[in-house]
Amino acid sequence: MTEISAAALEARKRIRTDQPHTARIWNYWLGGKDNYPVDQAAGDQIRELHPGIGDYALADRQFLGRAVRHLAGRCGIRQFLDIGTGLPTADNTHEVAQRVAPDSRVVYVDNDPIVLAHAEALLTSTPEGSTAYLDEDLRNIDAIFEQAAKTLDFSKPVALVLLGVVIFVEDDEEAYGVVRRLMDRLPSGSYLVLSHTITRPDMPDVDAAVAFWNENGTPKLTQRTPGAVSRFFEGLELLDPGVVSCNRWRPEDGAGELPAEVAMFGGVGRKP
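Residues numbered from 1 in each chain as written. Predicted model: local features only at pLDDT ≥ 70, side-chain atom pairs only at ≥ 80, totals over all residues. Heavy atoms only, no water.

- Going by the annotation in an unreviewed UniProt entry, the name recorded for the protein chain is SAM-dependent methyltransferase, with Streptomyces thermocarboxydus given as the source organism.

### With respect to the nonpolar core
So, point 1. In this structure, Leu 81 and Leu 162 are the most contacted members of the largest nonpolar core, which totals 82 residues.
So, point 2. Not counting the four nearest positions on each side in its chain, Leu 81 is found in contact with Val 107, Val 109, Ile 144, Phe 145, Ala 148, Leu 152, Val 158, Ala 159, Leu 160 and Val 161. (Core = buried A, V, L, I, M, F, W, Y, C linked by side-chain atoms within 4.5 Å. Buried < 20%, exposed > 50% of the residue type's maximum accessible area, 1.4 Å probe, protein only. Contact = heavy atoms within 4.5 Å.)

### As for the pattern of salt bridges
So, point 1. All chains considered together, the criterion is met by 13 salt bridges.
So, point 2. A salt bridge links Arg 224 to Asp 172, with the nearest nitrogen and oxygen atoms 2.8 Å apart. Highlighted residues: Arg 224 in the loop between helix H9 (204–216) and helix H10 (226–230) and Asp 172 in helix H8 (residues 172–184), separated in sequence by 52 residues.
So, point 3. Because the salt bridges share partners, they merge into one network encompassing Asp 137, Arg 139 and Glu 174. (Salt bridge = Lys/Arg side-chain N within 4 Å of Asp/Glu carboxyl O. Helix = DSSP H or I, 4+ residues; strand = E, 2+ residues; numbered from the N terminus.)

### Quick look at the pairing of strand E8 (residues 264–270)
So, point 1. With respect to burial, E8 is a largely interior element, 6 of its 7 residues being buried.
So, point 2. The sheet contact formed by strand E5 (residues 191–197) and E8 spans 7 bridges and is antiparallel. If you follow Leu 194 over to E8, its bridge partner there is Gly 267. (Pairing = 2+ DSSP bridges.)

### With respect to the pairing of strand E2 (residues 105–110)
So, point 1. A large share of E2 lies buried, amounting to 5 of its 6 residues.
So, point 2. Bridge count between strand E1 (residues 79–83) and E2: 5 bridges; the pairing is parallel. Bridged to Phe 80 within E2 is Val 106.
So, point 3. Sheet analysis places E2 next to strand E3 (residues 130–135), joined by 6 bridges and oriented parallel. Note that in E3 the partner of Asp 110 across the bridge is Asp 135.

### Focus on unusual backbone geometry
So, point 1. Note the cis peptide between Asp 240 and Pro 241, where omega equals 10 degrees.
So, point 2. Despite not being glycine, Arg 250 has its phi angle at roughly 50 degrees, a positive value.
So, point 3. Judged by relative accessible area, which is 33%, Arg 250 ranks as partly exposed.

### Observations regarding the environment of Ile 141
So, point 1. Considering the arrangement of structural elements, one finds Ile 141 in helix H7 (residues 141–148).
So, point 2. Overall, Ile 141 belongs to the buried group, its relative accessible area being 7%.
So, point 3. For the pair Ile 141 and Gly 129, spaced 12 residues apart in sequence, the C-alpha separation works out to 24 Å.
So, point 4. Filtering out sequence-adjacent residues up to four positions away, Ile 141 remains in contact with Val 178, Arg 181, Leu 182 and Arg 185.

### Re the state of the cysteines
So, point 1. The full count for this structure, using the stated rule, is 0 disulfides.
So, point 2. Free of any disulfide, Cys 75 has its nearest cysteine sulfur in Cys 246, 18 Å distant.
So, point 3. Accessibility expressed as a relative area gives 26% for Cys 75, which makes it partly exposed. (Disulfide = S-S within 2.5 Å.)

### Structural notes on the packing of aromatic side chains
So, point 1. A full pass over the atoms with the stated rule returns 3 aromatic pairs.
So, point 2. Their ring planes at 40 degrees and their centres at 4.7 Å tell us that Phe 145 and Phe 154 sit as a pair that is tilted.
So, point 3. Overall, Phe 145 belongs to the buried group, its relative accessible area being 5%.
So, point 4. Look at Tyr 176 and Phe 232: their rings are 4.5 Å apart centre to centre, the planes differ by 50 degrees, and that puts the pair in the tilted class. Taken together, the positions of Tyr 176 in helix H8 and Phe 232 in the loop between H10 and strand E6 (237–238) put the pair 56 residues apart, joining distant regions of the chain. (Phe/Tyr/Trp six-rings, centres within 6.5 Å; stacked < 30°, edge-to-face > 60°.)

### Notes on the side chain of Asp 82
So, point 1. Here Asp 82 is to be found in strand E1.
So, point 2. No salt bridge is formed by the buried Asp 82, whose closest oppositely charged neighbour, Arg 61, lies at an N-O distance of 6.5 Å.
So, point 3. Side-chain polar atoms of Asp 82 contact the side chain of Thr 93, separated by 2.7 Å.
So, point 4. If sequence neighbours within four positions are ignored, Asp 82 has contacts with Thr 93, Val 107, Tyr 108, Val 109 and Val 161. (Lys, Arg positive; Asp, Glu negative; His and termini not counted. Polar contact = N/O pair within 3.5 Å; in protein donor to acceptor, adjacent residues only side chain to side chain.)

### Comments concerning helix H4 (residues 53–73)
So, point 1. The terminal C-alpha atoms of H4, which comprises 21 residues, lie 31 Å apart, in line with the 30 Å expected from a rise of 1.5 Å per residue.
So, point 2. Within H4, 16 of the 21 residues are buried, which leaves it mostly tucked inside the rest of the structure. (Expected span 1.5 Å × (residues − 1).)

### Notes on the packing of H4 against helix H5 (residues 93–100)
So, point 1. In contact at an axis separation of 9 Å, H4 and H5 are set at 35 degrees when each is read in the N-to-C sense. Note on packing geometry: the crossing formed by H4 with H5 is right-handed. The segment H4 lies against H5, with Leu 64, Gly 65, Val 68, Arg 69, Ala 72 and Gly 73 engaging Thr 93, Val 96, Ala 97 and Val 100.
So, point 2. In the contact of H4 with H5, the residues fall into 6 nonpolar, 3 polar and 1 charged. (Axes fitted to C-alpha atoms, helices over the stretch in contact; angles between N-to-C directions. Left-handed = near helix turned anticlockwise from the far one by under 90°. Nonpolar A, V, L, I, M, F, W, Y, C, P; charged D, E, K, R; others polar.)

Structure follows, in structure tokens:
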């Protein structure tokens, strides 16, 4: 038995199936099977409050694919540090990157026992590339970089992927500080890929859905305005079209009409 498998078995003992969990609900909305009736019930209740909520999960996932394809293809990035990985689904970061560039190296980081229990699905790789999984918290920056250095070369550009993870850091200054310290550890030419749930006056049903979640699920979520999400990219060169609804970030049918906005905004920025 490999070390990760032993850890996964131990993690399964810590998983609560009597309380809805955001990673499993996200998995449910994406059509996955790694969820329980309690997650499905909560997911359906949230969808009643905000019928388009499932579209957010899909938009976020598709944003990941388009961003990683762009970075691996047009930008020549070969290293990815994906923190707050979530449950494995189709087209994970390493699958997208290695489809474009087989020699891509990817390190996943998450401290959720649910994710750890399924981490083996993230550890496949092309022969030319490499993948690794770290059981660490977003805030443990020294530990993340120390362990990730076994797979990634931090003297060369890295794409830092933070999809829907800083929403779990309630304090604004702490959230901005964590992202800034992570980017400070990366060399010039590195990129930040970040998405975040937003709050906006014309989307009150989103606020209601998040309030329901925070009363009934775990972990708790923090919404921020589009302007506050843009602040995570201060000091970076934002790629067009900036920080926008995830489904509007370089959609595949870019020549057509833009899709309706979802309350999950994202962007990609380059460290000069």
